[in-house]
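# Chains, contacts and geometry: an overview
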Amino acid sequence: MDKVKELSRLISDRELRLTAVVYARLGVVPYLRTHGRLPDRIGGPWNLIPMRLVIEQRGTDPELTDDERLVYEAILREGRLPGGSVVLLDEEEKRRKQEKKQLRGRKKP
């Protein structure tokens with residue numbers, strides 16, 4: 001469960017759901033159903049095209065299909081992202097601000 005906490009601290013739930021949609025589009029679902037886990041590696045540099053298409057077609061906060069939910073739950077259960085993850089710029093900005101705030105809090109005696 002610690003892996004899931006660490007993963008959720010680094011990546012927002014919205015980003016994880018978008019990542020699940022992209023993984024499903026890349027054909028992960030049959031492997032997941034057969035083996036009960038995510039493959040060791042998924043995709044490559046071309047993952048950017050499906051990500052862009054998913055966001056264009058479904059926005060940045062999509063409702064997951066059953067197959068996509070299966071992938072999302074596997075990501076949470078395994079606590080790993082074998083094909084990288086979707087990173088939304090607004091979420092990344094929030095993380096940076098939070099990190100700066102934490103650093104300022106540590107420096108004060």
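Residues numbered from 1 in each chain as written. Predicted model: local features only at pLDDT ≥ 70, side-chain atom pairs only at ≥ 80, totals over all residues. Heavy atoms only, no water.

This next bit is on the overall build of the protein chain. Scanning the protein chain from terminus to terminus reveals six helices and zero strands. In the protein chain, the succession of α and β elements from N to C terminus is α-α-α-α-α-α. The buried share of the protein chain, taken over its 109 residues, is 37%. Total accessible area on the protein chain is roughly 7,400 Å²; 53% of this is exposed by carbon and sulfur atoms. (Helix = DSSP H or I, 4+ residues; strand = E, 2+ residues; numbered from the N terminus. Buried < 20%, exposed > 50% of the residue type's maximum accessible area, 1.4 Å probe, protein only. Areas by Shrake-Rupley, 256 points an atom, 1.4 Å probe, with all protein chains shown as cover.)

To continue, consider the pattern of salt bridges. For the coordinates displayed, the defined rule picks out seven salt bridges. Here Arg58 ties to Glu68 by a salt bridge, and the two come within 2.7 Å at their closest N and O atoms. Highlighted residues: Arg58 in helix α4 (residues 48-58) and Glu68 in helix α5 (residues 66-78), separated in sequence by ten residues. The partly exposed category is assigned to Arg58, whose relative accessible area is 30%. (Salt bridge = Lys/Arg side-chain N within 4 Å of Asp/Glu carboxyl O.)

What follows deals with the environment of Pro30. Summarising the element assignment, Pro30 is placed in helix α3 (residues 28-35). Here Pro30 falls in the exposed class, since its relative accessible area comes to 53%. Separated by 37 residues in sequence, Pro30 and Asp67 place their C-alpha atoms 9.5 Å apart.

A word on the nonpolar core. Of all hydrophobic cores here, the largest spans 22 residues; its most connected members are Tyr23, Leu38, Val71, Ile75 and Val86. Examining the composition of this core, we find that seven residues originate from one element, helix α2 (residues 13-25), more than from any other. Setting aside residues no more than four positions away along its own chain, Val86 makes contact with Glu15, Leu18, Thr19, Val22 and Met51. (Core = buried A, V, L, I, M, F, W, Y, C linked by side-chain atoms within 4.5 Å. Contact = heavy atoms within 4.5 Å.)

In this section: α2. Over its 13 residues, α2 extends 18 Å from the first C-alpha to the last, a length consistent with the 18 Å expected when each residue adds 1.5 Å. The buried fraction of α2 is high, at eleven of 13 residues. (Expected span 1.5 Å × (residues − 1).)

For the rest of this paragraph, the subject is the environment of Asp61. As for its placement among the helices and strands, Asp61 is situated in the loop between α4 and α5. Linking Asp61 and Arg14, residues 47 residues apart in sequence, is a C-alpha distance of 6.0 Å. Filtering out sequence-adjacent residues up to four positions away, Asp61 remains in contact with Arg14 and Arg17. Within polar-contact distance, the side chain of Asp61 engages the side chain of Arg17 at 2.6 Å. (Polar contact = N/O pair within 3.5 Å; in protein donor to acceptor, adjacent residues only side chain to side chain.)

Interaxial distance between α2 and α5 falls to 8 Å at its minimum, and their mutual angle equals 120°. Considering their axes alone, α2 and α5 lie oblique with respect to each other. The way α2 lies across α5 gives a crossing that is right-handed. Across the interface between the two elements, Asp13, Leu16, Arg17, Thr19, Ala20, Val21, Tyr23 and Ala24 of α2 pack against Glu68, Val71, Tyr72, Ile75 and Leu76 of α5. (Axes fitted to C-alpha atoms, helices over the stretch in contact; angles between N-to-C directions. Parallel < 35°, antiparallel > 145°, perpendicular 65-115°, else oblique. Left-handed = near helix turned anticlockwise from the far one by under 90°.)

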